[in-house]
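# Commentary on secondary and tertiary structure
Residues per chain are reported as follows:
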Amino acid sequence: MALTRAFQLQGYAFVGLAFLVSLLSFAATRQNPQSELPLLGALIVLLGVPHGAVDGVYAQRLYGVKGPKQWLAFVALYLLPVGLVIALWQAAPLIFLAGFLVISALHFSGDPQPGTPLAARILYGGAIVVLPVLLHPAEVRRLFQFLVGSDQATPLVAGLQMISGPWLIALLITALVVWRSSRLTSLELLAVGLLAVAAPPLWAFTIFFCAMHSARHLLRTFDFAGRPPARSLLLAAALPMFTVALIACLGLAWPAGLSLEARLSQLIFVGLAALTVPHMALVERVRFADWKR
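Residues numbered from 1 in each chain as written. Predicted model: local features only at pLDDT ≥ 70, side-chain atom pairs only at ≥ 80, totals over all residues. Heavy atoms only, no water.

This paragraph deals with helix H8 (residues 137–148). Its twelve residues give H8 an end-to-end C-alpha distance of 16 Å, which sits within 8% of 16 Å, the value for a rise of 1.5 Å per residue. Burial in H8 covers these residues: Val140, Leu143, Phe144, Phe146, Leu147 and Val148. Residues of H8 that are buried in the fold lie against helix H5 (67–91), helix H6 (93–108), helix H9 (150–178), helix H11 (201–224) and helix H13 (260–287). (Helix = DSSP H or I, 4+ residues; strand = E, 2+ residues; numbered from the N terminus. Expected span 1.5 Å × (residues − 1). Buried < 20%, exposed > 50% of the residue type's maximum accessible area, 1.4 Å probe, protein only. Contact = heavy atoms within 4.5 Å.)

With respect to the helices and strands, the residue Pro228 is situated in the loop between H11 and helix H12 (230–253). Residue classification places Pro228 among the buried residues on the basis of a relative accessible area of 19%.

Moving on, we come to the environment of Ala274. Positionally, Ala274 belongs in helix H13. Sequence spacing of Ala274 and Ser232 is 42 residues, and the spatial spacing of their C-alpha atoms is 26 Å. When neighbours within four sequence positions are excluded, Ala274 is seen to be in contact with Val82, Val85 and Ile86.

Bringing the packing of aromatic side chains into the picture now. By the definition in use, this model includes eleven aromatic pairs. Relative to Phe269, the ring of Phe205 has its centre 5.5 Å away and its plane inclined at 55 degrees; by these criteria the two rings are tilted. Pair noted here: Phe205 is in helix H11 and Phe269 is in helix H13, with a separation of 64 residues, a long-range link. Put simply, the rings of Phe14, Phe108, Tyr124, Phe205, Phe208, Phe209 and Phe269 pair up and form one aromatic cluster. Directly above the aromatic system of Phe7 lies the positively charged group of Arg216, at a separation of 5.6 Å from the ring centroid. (Phe/Tyr/Trp six-rings, centres within 6.5 Å; stacked < 30°, edge-to-face > 60°. Lys NZ or Arg CZ within 6 Å of the ring centre and 35° of its normal.)

Read these as layout, nothing more, since geometry by itself doesn't imply function.
Structure below.
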């Protein structure tokens, strides 16, 4: 019951924040969007990345990892796909970005509560990926250009634009249908849709990633670990968080001949893509078991 209450509080807090940011986005005038990226990147690292930094909990609970040798082996296996994803970005950036968008949507579809229909999950998970192009195609294209170049970014944005309208309509209809069984899930569907459409893309992603996806995953990890003292989870996340922050700082300092905006965009999204693959490989098994220990 305590966990259910925590889910409800977190869900309603996200809904309120998403509606507030969406309304402010319609009303406010942005002076310099490029200056927002350092702040949003810091929020993603400080509030979004921690949900993956506690993956050691799943390694310990699922596979009994213990002792220095086993932990070193786990870290090596965890980092292997990270390197492969970065190599894919270098070799075939369009395949990398398309794949990242698809697996992100699939991973985010695990956020809603158990019992949520599959169609609602798919529409929810893809909303933050597909819907920003409705009102902000230029910003999405600019972000994609940093990752794959202008020639490949344009057709990808055009493809998202083709499905964005029907996606939004289907999301709204599904939210109305789900209202009868779960008002909170319905509101979350509406909040994600409104946030993705109204807010600038990077703001929408940051709010969603930190206040919904990461927060909900941390609550589930807390329960999966047997509800240990919060300090133990903080200690478990400390070293991975420090490593990510150190790599980010080194990446910013490395002379790459790119603008700060381009370098930050690549660090954030290539880094997230690389970490998402081993993260999903570890936790999706638990997700499909309805987060039961």
